[in-house]
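Analysis of the macromolecular model
Below, each chain spelled out in residue letters.
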Amino acid sequence: MEKSSHKVVLTDQRKFSAIMKYVSILAVVIFAFAYLKVNVIEALLAFPSFLHFFLTNFLPANFSQLPTYVPLIIETILFAVVGTYFSAILAFVFGLLMSEQTNPFRWVRIAVRVFISFLRNIPVLVWASLLVYIFGIGNMVGLLALIIATLGFLARSYADSIDEIAGSKLEALRASGASYAQILFHGLIPEFIPSWINWTLFSFEINIRASSILGMVGAGGIGIMIQTNIRLFKYHEALSLIIILVLMVLATEFVVNRLRRFVR
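Residues numbered from 1 in each chain as written. Predicted model: local features only at pLDDT ≥ 70, side-chain atom pairs only at ≥ 80, totals over all residues. Heavy atoms only, no water.

1. Remarks on the packing of helix H3 (residues 66-98) against helix H9 (residues 222-231)
- Following both chains from N to C, one finds H3 and H9 inclined at 135°, their axes separated by 8 Å at the closest point. Between H3 and H9, the crossing angle belongs to the class labelled oblique. Where H3 abuts H9, its residues Tyr69, Leu72, Ile73 and Thr76 lie against Ile222, Met225 and Asn229.
- Class assignment for the residues of the contact of H3 with H9 results in five nonpolar, two polar and no charged. (Axes fitted to C-alpha atoms, helices over the stretch in contact; angles between N-to-C directions. Helix = DSSP H or I, 4+ residues; strand = E, 2+ residues; numbered from the N terminus. Parallel < 35°, antiparallel > 145°, perpendicular 65-115°, else oblique. Contact = heavy atoms within 4.5 Å. Nonpolar A, V, L, I, M, F, W, Y, C, P; charged D, E, K, R; others polar.)

What follows is the structure, encoded as structure tokens:
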């Protein structure tokens, strides 16, 4: 009887804890809406007006100017390609410097981690906005913003992957007296290549989206034309570019997923 009653008490305590968690989450959400002065009912009531505006002004899409948009589409893709390429090379070097298994100097690891955390925690749009003041509006801004933001993301991802490999796969090489270069080129890199490809492809997929968004701040690519058409009230042309962008992202996801399966 005592055991059964003890189990009942534990069950009741778990139920009470679960209820309190959900109540706490709900309270935080309600507080957030209240603090931000967001009226959910007003937003829901305004949705039909938004839908009417979209259907009236954006449809049908106008693809008559598509030939003039092709260079911008190519530009957007090349932004992602070049940005990911340079970031992957730099991130591998920083990943080696951040890993405990490949860099024995603690102060260097800490300094590099602080630097990479600084790059990683600033959104790509903020980087683009800052670089516009230095270089002005143009392709250089978009490319540099992509490289900086992607470098922060990839370096952290590479370092974590290197730590996982180094902790379990390289002990035999160390025990046999292999040099640092031998461990790096004969042990680490062959084991790291699948993770390197997966993280790089994932980053490229993100950069396709980011390249289009960068155009919103004048950094080139298809985004700047979307913004321009909306500001000029050319909603039909803007919708055609949005559709092209969605198809481009979906095609990128499809190709990247196939490549990942091939790597695995």
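Having seen the model, we can carry on.
2. So, the UniProt feature "transmembrane region" (unreviewed entry) in the chain
- The positions that UniProt labels "transmembrane region" (unreviewed entry) are, in the present scheme, residues 19-36, 69-98, 110-135, 141-159, 206-226 and 238-256.
- Within residues 69-98, the helical portion is 100% and the strand portion 0%, while the C-alpha atoms at the span's ends are 42 Å from each other.
- End-to-end, the C-alpha atoms of residues 141-159 are 27 Å apart, and along that stretch the chain is 100% helix and 0% strand. (UniProt positions renumbered as here; feature names shortened; annotations may be inferred.)

3. With respect to the packing of aromatic side chains
- A full pass over the atoms with the stated rule returns six aromatic pairs.
- Centre to centre, the rings of Phe94 and Phe115 are 5.8 Å apart; their planes meet at 35°, and the pair counts as tilted. With a gap of 21 residues between them, Phe94 in helix H3 and Phe115 in helix H4 (residues 106-120) connect regions that are remote in the sequence. (Phe/Tyr/Trp six-rings, centres within 6.5 Å; stacked < 30°, edge-to-face > 60°.)

4. Some points on the environment of Gln227
- Along the polypeptide, Gln227 turns up in helix H9.
- A sequence separation of 14 residues divides Gln227 from Ile213, and the C-alpha atoms of the two residues are 9.6 Å apart.

5. Here we look at the packing of H3 against H4
- One can describe the packing of H3 onto H4 by two numbers: an axis separation of 8 Å at closest approach and a directional angle of 135°. As the angle between them shows, H3 and H4 are arranged oblique. Counted together, Phe94, Leu97 and Met98 of H3 and Arg109, Val112, Arg113, Phe115 and Ile116 of H4 form the full contact between these two elements.
- Its residues placed into classes, the contact of H3 with H4 shows six nonpolar, no polar and two charged.

6. Thoughts on the side chain of Thr200
- Mapped onto the elements of the fold, Thr200 is located in helix H8 (residues 180-214).
- A relative accessible area of 13% places Thr200 in the buried class.
- For Thr200, the side chain forms a polar contact with the side chain of Tyr158, separated by 2.6 Å.
- With near-sequence residues (within four places) excluded, Thr200 lies in contact with Thr84, Ala88, Leu154 and Tyr158. (Buried < 20%, exposed > 50% of the residue type's maximum accessible area, 1.4 Å probe, protein only. Polar contact = N/O pair within 3.5 Å; in protein donor to acceptor, adjacent residues only side chain to side chain.)

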